[in-house]
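Chain by chain, the residues:
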Amino acid sequence: MIRFACLALLALPVPAQSPFRTTRHAGLPSIFVGDKFASGDLDGDGDVDLFVANDNSPNQLLRNDGFGRFSDVTATNFPTQPPPIASHSVDLADIDNDGDLDVLIGNDDWLSNRVYRNNGAGFFYDVTTTALPPNAEFTECQVVADFDGDGDVDWFTVDGGPCHFYANNGAGVFTDASATRLSGLPLIGGDRWDVTPRAVDIDGDGDLDVMVPRYTGGPFLIRNQGGVLSPFPTQLPVVLTYGHWFADYDGDGDADIFGNQGSRLLQNQGNGTFVEVTATAFPIVPTANGIGTFDADGDGDIDLVTATRIWVNNGNGTFTAQIAATPLNFGYRLGVASADFDGDGDIDLAGRPNFLRQTYAPIAPVRGGSYSVEFHVRPGAASIVGVCAAHGPGAIPAGPFGVLRLDPVSAAPLTTSPVTTAPLVLSWSIPNVPALAGVTLHYQALVVDPIEGPVLTNPISDVVQ
């Protein structure tokens, strides 16, 4: 009953689509605004969940089911959020060193920032009154990181007035240490609509520095010296406007900057000074809205993802455009979350799996009809695909290969086949038998990738109609 009748086993060419696509098997619930996304395993089940800051709408906690499919569990797992709400910043961090991720939210509109502690199972409670001193500072953006090297995360906020530094005592209680931890910072005017700033070691001295997006004048570099934050003496050599990411595009161990939504590239010289290299890195200047910078093709270097192109890193400091016939149109602001949401070892966008390695069935199985499952692999490279099916799900860690999501008792191999042009397609005729109604089919494959070696794909499950 797992196999039914196999009608075809074909290696078919893929159309010129984006490698990040919506599918029947993965996706997001309705997002109110999507101002800022933060990702992490909030409930300790081994997959990556999402938290969404939604400006003046209620914030949302989205649980991943392990297949890359998210459900909104805000009502059951997160405290009631009475208005007014004005959340433009969110970070997930273990503030109390208990092994789970807590939530820190920055609010503008002169509302207090909020601290929510995780009970370890993905249920949160508001501890703001005991964890944070009174504040209503119109926070425009924030950075949560261990700035003083004491093993816990601190909280730096860029506010409508002076910035603030909240030092963590190691147990998740913050005190305002701005007077001693901030030195010479101007009124920065942080851009709350831009990508959330992150802390990286810009100048190679072993501590975490910051780049803050601003409404005017471009991003502002802040230097960390022994836990004290002050302006970098040398700021950026070009004027950038909107949408910036840190990423080590050239693999030399320091943080470079993709600016202006990816249309400008500044190379770090290793000491926190930058040189623009856009003209030498790109054959043409990227113009479409940038979505993020990460290893989209799994070859170990940083690519640039925009709405219409994947700018593939050639590994020598230059990029080649992979044009997508189906653009990535997100209704959210900059900074859509990227992570391995479906557990297949490649990086996805929130709600859009990466088809670098993907198991996918275009239509649901129906009695008396045909049913096809596609096994996508790296385009243009020889892979080996071993396909299995099962009657039930599983969750068995398989070391570097990933997680086997099939029931080992009912699992059965279907085929092992070399694939040089994706996808491999298996097609069946579903018998028109009443007893099959409601039967759930589970599929997963082991792909021997020419670059990454053996990796398990994402699992899918389908109920026969």
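What you see is a predicted model, and the numbers here were worked out from it, not measured in a lab. (Residues numbered from 1 in each chain as written. Predicted model: local features only at pLDDT ≥ 70, side-chain atom pairs only at ≥ 80, totals over all residues. Heavy atoms only, no water.)

Here we take up the sheet that holds strand 15 (residues 209-212). In spatial order, the strands read 14-15-16-17; together these four strands make up an open sheet with antiparallel pairing. Each edge of the open sheet carries a strand with a single partner, namely strand 14 (199-200) and strand 17 (228-231). Both strand 14 and strand 15 contribute to a ladder of two bridges, which runs antiparallel. Following the sheet pairing, Ala199 is matched in strand 15 by Val210. (Pairing = 2+ DSSP bridges. Helix = DSSP H or I, 4+ residues; strand = E, 2+ residues; numbered from the N terminus.)

Here we come to the sheet that holds strand 18 (residues 245-247). Reading across from one edge, 18-19-20-21 is the order of the four strands in this open sheet, with antiparallel pairing throughout. On the outer flanks of this sheet lie strand 18 and strand 21 (274-276), each paired with one strand and no other. Adjacent strand axes in the sheet meet at a mean angle of 25°, parallel and antiparallel pairs treated alike. Looking at chain direction, strand 18 and strand 19 (residues 256-259) are connected through three bridges and run antiparallel. Its bridge partner being in strand 19, Ala247 is matched across the sheet by Asp256. (Axes fitted to C-alpha atoms, helices over the stretch in contact; angles between N-to-C directions.)

A word on the side chain of Ser383. In this structure, Ser383 sits in strand 30 (residues 383-390). You can call Ser383 buried: its relative accessible area is 2%. Apart from the residues lying within four places of it in its own chain, the contact partners of Ser383 are Val377, Ser417, Pro418, Val419, Val447, Val448, Asp449 and Pro450. (Buried < 20%, exposed > 50% of the residue type's maximum accessible area, 1.4 Å probe, protein only. Contact = heavy atoms within 4.5 Å.)

This part covers the packing of aromatic side chains. All told, the structure shown has 18 aromatic pairs when counted by the stated rule. Taking NZ or CZ as reference, Arg21 lies 4.2 Å from the ring centre of Phe355, over its face. Here Arg69 stacks its cationic end above the ring of Phe67, 5.5 Å away from the centre of that ring. (Phe/Tyr/Trp six-rings, centres within 6.5 Å; stacked < 30°, edge-to-face > 60°. Lys NZ or Arg CZ within 6 Å of the ring centre and 35° of its normal.)

We now examine the environment of Gly27. Within the secondary structure, Gly27 sits in the loop between strand 1 (5-11) and strand 2 (36-40). When the C-alpha atoms of Gly27 and Gly68 are compared, they prove to be 6.7 Å apart, with 41 residues separating the residues in sequence. With residues near it in sequence (within four places) discarded, Gly27 still touches Gly68, Arg69, Phe70 and Gly351.

Of the pairings in the sheet, the one linking strand 16 (residues 220-225) to strand 17 comprises four bridges and is antiparallel in character. Residue pairing across strands places Gln225 opposite Val228, the latter belonging to strand 17. Joining the antiparallel neighbours strand 16 and strand 17 is a turn of two residues, in which Gly226 adopts a positive phi near 65°.

A large share of strand 34 (residues 424-429) lies buried, amounting to five of its six residues. With six bridges joining them, strand 29 (residues 370-376) and strand 34 adopt antiparallel strand pairing. Bridged to Val373 within strand 34 is Leu426.

Moving on: the state of the cysteines. Evaluated as defined, the whole model comprises zero disulfides. Left without a disulfide partner, Cys141 is nearest to the cysteine sulfur of Cys163, which lies 8.0 Å away. Looking at Cys163, the relative accessible area reads 8%, which means it is buried. (Disulfide = S-S within 2.5 Å.)

Our focus in this paragraph is the confidence of the model for the protein chain. With 96% of its residues at a pLDDT of at least 70, the protein chain reaches an overall mean of 93. In the predicted structure, residues 3-15 sits below a pLDDT of 50 and forms 39 contacts with residues beyond four places in sequence or in another chain. (pLDDT = per-residue confidence, 0-100.)

Turning next to the environment of Gly392. Here Gly392 is to be found in the loop between strand 30 and strand 31 (393-397). The buried category is assigned to Gly392, whose relative accessible area is 11%. Ignoring sequence-local partners within four residues, the contact set of Gly392 consists of Arg405, Leu406, Asp407, Ser410 and His442.

The phi angle of most residues is negative, glycine excepted, and most peptide bonds adopt the trans form. The omega torsion of the bond from Pro83 to Pro84 falls at 5°, within 30 degrees of zero and hence cis. You can see Pro84 is positioned in the loop between helix 1 (74-77) and strand 6 (87-93). Unlike most non-glycine residues, Asn260 shows phi in positive territory, near 50°. Note that Asn260 resides in the loop between strand 19 and strand 20 (264-268). Judged by its relative accessible area of 15%, Asn260 falls in the buried class.

Turning to the nonpolar core, a few remarks are in order. Within the largest apolar cluster, 23 residues are counted, with the highest numbers of intra-cluster contacts made by Tyr371, Val373, Phe375, Val385, Val387 and Tyr443. Listed by contribution, the elements that provide at least two residues to this core are strand 29, strand 30, strand 33 (412-419), strand 34 and strand 35 (440-449). It is strand 35 that provides the largest number of residues to this core, a total of four residues. Discounting chain neighbours no more than four positions away, the residues touching Val385 are Phe375, Val377, Thr415, Thr416, Ser417, Val419, Leu424, Ala445, Leu446 and Val447. In this structure, Ile291, Ile310, Leu328 and Ala339 belong to the second largest nonpolar core, which totals 22 residues. (Core = buried A, V, L, I, M, F, W, Y, C linked by side-chain atoms within 4.5 Å.)

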